[in-house]
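Reading the structure
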Number of protein chains: 2
Amino acid sequence: MSEIKALTFDVFGTVVDWRGSVAREARAILAPKGHDLDWPNFADRWRALYVPAMTEVREGRRPFAILDDLHRENLLTLLDQDGIVNLSPPEIDRLNTAWHRLDPWPDAVEGLTRLKRRFILATVSNGNIALMVNLAKWGGLPWDVILGSEVARAYKPAPEAYDRTASVLQLEPSQCLMVAAHTNDLRAAAGRGFRTAFVRRPAEFGPLELADPWPDGAFDYNAADFLDLAAQMGA
Amino acid sequence: MSEIKALTFDVFGTVVDWRGSVAREARAILAPKGHDLDWPNFADRWRALYVPAMTEVREGRRPFAILDDLHRENLLTLLDQDGIVNLSPPEIDRLNTAWHRLDPWPDAVEGLTRLKRRFILATVSNGNIALMVNLAKWGGLPWDVILGSEVARAYKPAPEAYDRTASVLQLEPSQCLMVAAHTNDLRAAAGRGFRTAFVRRPAEFGPLELADPWPDGAFDYNAADFLDLAAQMGA
């Protein structure tokens, strides 16, 4: 087996808590404007529009657009559904960049810092470059390199998203370990020759624990969090 | 004046000592194979082929190719000129990636670490992504994001190299400060609306001090090194 050189990370849900953070940001912006919503549900509904929007790009029905632009279109849909009409364009932009201000899971920074000593740490997120840079500054995430959709011009789980990641790093796919809390992402990465690490994030979708359960052992690593992953990898 | 949010760095010569490091790496690989060259001169001759190779891309006479590929073509030219025929392909590759193992100037890591607390630190180098990632791991350079030629698909001083950098960071050009030891890079960045910091690196081209001298005050900052720049910027 070739030696792992780079860890390539899914970010939303795997590294950061998008649901709790988007709920907090939405409340901070919308409550003072007189709105009282179920804030975690608002985050869930926003997130639910993400896959269909990306699918339009992945299946070639629209040209590549960065995730911030897809998020903004989906946000306008939500605001319309909820009859929210009293936001200025700067307030809408501020709300849209809630996705730039997501808190890391409690173990993330320490685990990444340990893993960074031994491996290249790359983001392979569907988020765009500025979003990833701002998230890293917000949460202190010590990435070596921001890759993913805007560099690859492809959204996971499209094969190009993984292929181009290994290619720009000048690594074989088998030298890359995809780290994610989502089995569909890991299976797609494995299909392109990546090695895989499942990290369980039971709270990603809230208290009902709708997150992916422990998988069936199909992945190279299965970790409870990033500290566990670092320990398993000797970092 | 808009607030500076990101520092965008030239790397070869500004952050790392390419001449001394390439000379060291060339010697380490070629001397055991029976070759005795003027090693700093070998580095100079390799570097001298860099601008004409990029110009072919910039002026549209050949499609975009990453710097590692241009370096390799130029290396084969040099080896041919010097009658060096006893390197295996892996040895040639190892020599070509001498550019991935360049030492930072002594002030670079400390200066960048200070600046990183206040600003986004981005590479805007003509080097490709893997080269920049490996340099950062080699020297401990704390970048927030690797941008530059492979992301912009353009070589400095082409306008697109600067325009696309500001664009992917979602910043106005005036929120970006180009940091370089080379006045041509800074003038091109200023022409696209970037603010500019000249950092003097007198030893870049060796003891004859052929590096750019103190400029005429045309730049926003003029610094003796990165610690000086950090101090001037309150970081």
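Residues numbered from 1 in each chain as written. Chains lettered and ligands numbered in written order. Predicted model: local features only at pLDDT ≥ 70, side-chain atom pairs only at ≥ 80, totals over all residues.

Residue and element names in this part refer to chain A. Split by domain assignment, chain A resolves into domain 1 (6-17 + 102-232) and domain 2 (18-100). Each of domain 1 and domain 2 has a C-alpha centre, and these two points are 23 Å apart. With 21 residues of domain 1 at the contact, the number on the domain 2 side is 14 residues. Where the side of domain 1 that touches domain 2 is concerned, the elements lending two or more residues are helix H7 (129-139) and helix H8 (149-152). Top contributing element to the side of domain 1 that touches domain 2 by residue count: H7, with four residues. Taken together, the residues of the side of domain 1 that touches domain 2 break down into nine nonpolar, seven polar and five charged. (Domains from an automatic or database assignment. Contact = placed C-beta atoms within 7 Å. Helix = DSSP H or I, 4+ residues; strand = E, 2+ residues; numbered from the N terminus. Nonpolar A, V, L, I, M, F, W, Y, C, P; charged D, E, K, R; others polar.)

It is worth spelling out the environment of A:Val22 at this point. With respect to the helices and strands, the residue A:Val22 is situated in helix H1 (residues 18-30). Beyond its immediate stretch of four places on either side in the chain, A:Val22 contacts A:Ala43, A:Trp46, A:Ala98 and A:Trp99.

Attention now goes to the sheet that holds strand E1 (residues 6-9) of chain A. Residue and element names in this part refer to chain A. As summarised here, the arrangement of the six strands in space is E3-E2-E1-E4-E5-E6, forming an open sheet in which the pairing is parallel. Both outer strands of the open sheet, strand E3 (145-146) and strand E6 (221-223), are each paired with one neighbouring strand and no more. Alignment of strand E4 (residues 176-180) against strand E5 (residues 195-199), held across four bridges, turns out to be parallel. Pairing of Ala180 across the sheet is with Phe198, part of E5. (Pairing = 2+ DSSP bridges.)

A few words on the relation of the copies chain A and chain B. Once chain A is rotated about the relating axis by 180 degrees and shifted along it by 0.0 Å, it coincides with chain B to within an RMSD of 0.0 Å. Viewed as a symmetry operation, the transformation between the two copies matches a two-fold axis. Rotation axis and chain A: the residue whose C-alpha lies nearest the axis is A:Val145, separated from it by 2.8 Å. The residues that chain A uses at the interface reappear at the interface of chain B in 100% of cases, marking a shared surface. (Least-squares fit on C-alpha atoms with pLDDT ≥ 70 in both.)

Bringing the environment of B:Glu150 into the picture now. Topologically, B:Glu150 is positioned in helix H8 (residues 149-152). Between the C-alpha atoms of B:Glu150 and B:Asn128, which are 22 residues apart in sequence, the distance is 5.3 Å. Apart from the residues within four sequence positions on either side, B:Glu150 is in contact with A:Val168, B:Ile66, B:Asn128 and B:Ile129.

To continue, consider the pairing of strand E5 (residues 195-199) of chain B. When a strand is regular, its side chains alternate between the sheet's two faces. All names here are of chain B. For E5, the tally of buried residues reaches five of five residues, placing the bulk of the element in the interior. The alternating pattern of E5 places Arg195, Ala197 and Val199 and Thr196 and Phe198 on opposite faces, both of which are buried. In this fold, the crossover linking strand E4 (residues 176-180) to E5 by way of helix H10 (residues 183-191) has right-handed handedness. The sheet contact formed by E5 and strand E6 (residues 221-223) spans three bridges and is parallel. Among the inter-strand pairings, Phe198 is bridged to a residue of E6, identified as Asn222. (Buried ≥ 20, exposed ≤ 12 C-beta atoms within 10 Å, placed from the backbone. Right-handed = clockwise from strand over helix to strand, strands pointing away.)

Our next topic: the interface of chain A and chain B. In this assembly, 14 residues from chain A lie in contact with 14 residues from chain B. When contributions to the side of chain A that touches chain B are tallied by element, the ones reaching two or more residues are H7, E3 and H8 of chain A. At five residues, the largest contribution of residues to the side of chain A that touches chain B is made by H7(A). Class assignment of the residues belonging to the side of chain A that touches chain B gives a composition of 10 nonpolar, one polar and three charged.

Residues and elements named next belong to chain A. Between helix H3 (residues 50-58) and helix H4 (residues 67-81), the shortest axis-to-axis distance is 10 Å and the interhelical angle comes to 130 degrees. Taken together, the axes of H3 and H4 are oblique relative to one another. Of the two elements, H3 crosses H4, and the hand of that crossing is right-handed. Listed contacts from H4 to Tyr50, Ala53 and Met54 of H3 are Leu70, Glu73 and Asn74. Of the residues that constitute the contact of H3 with H4, the class distribution is four nonpolar, one polar and one charged. (Axes fitted to C-alpha atoms, helices over the stretch in contact; angles between N-to-C directions. Parallel < 35°, antiparallel > 145°, perpendicular 65-115°, else oblique. Left-handed = near helix turned anticlockwise from the far one by under 90°.)

What follows covers the packing of H1(A) against helix H2 (residues 39-48) of chain A. The description of two packed helices rests on the angle between their axes and on the distance between the axes. Residue and element names in this part refer to chain A. The N-to-C vectors of H1 and H2 enclose an angle of 115 degrees; their axes lie 8 Å apart at closest approach. With respect to H2, the element H1 is oriented roughly perpendicular. The chirality of how H1 crosses H2 is right-handed. Seen from H1, the contacting residues are Trp18, Arg19, Val22, Ala23, Ala26 and Arg27; seen from H2, they are Trp39, Pro40, Phe42, Ala43, Asp44, Trp46 and Arg47.

All names here are of chain B. All buried positions along helix H6 (residues 108-116) are accounted for by Ala108, Gly111, Leu112 and Leu115. Around the axis of H6, the buried residues are gathered within 95 degrees of arc, so they sit on the same side. Of the surrounding elements, those touching the buried residues of H6 are strand E1 (6-9), strand E2 (120-123) and helix H11 (226-232). (Arc of directions from axis to C-beta.)

To continue, consider unusual backbone geometry. In this structure, A:Pro157 follows A:Lys156 across a cis peptide bond, with omega equal to 0 degrees. With respect to the helices and strands, the residue A:Pro157 is situated in the loop between H8 and helix H9 (159-168). Of note in the backbone geometry, B:Arg153 takes a positive phi value of approximately 55 degrees without being a glycine. As for its position among the elements, B:Arg153 is in the loop between H8 and helix H9 (159-168). For B:Arg153, a count of 13 C-beta atoms within 10 Å corresponds to the partly exposed category. Non-glycine residue B:Gln170 carries a positive phi angle of around 55 degrees. Of note, B:Gln170 is situated in the loop between H9 and E4.

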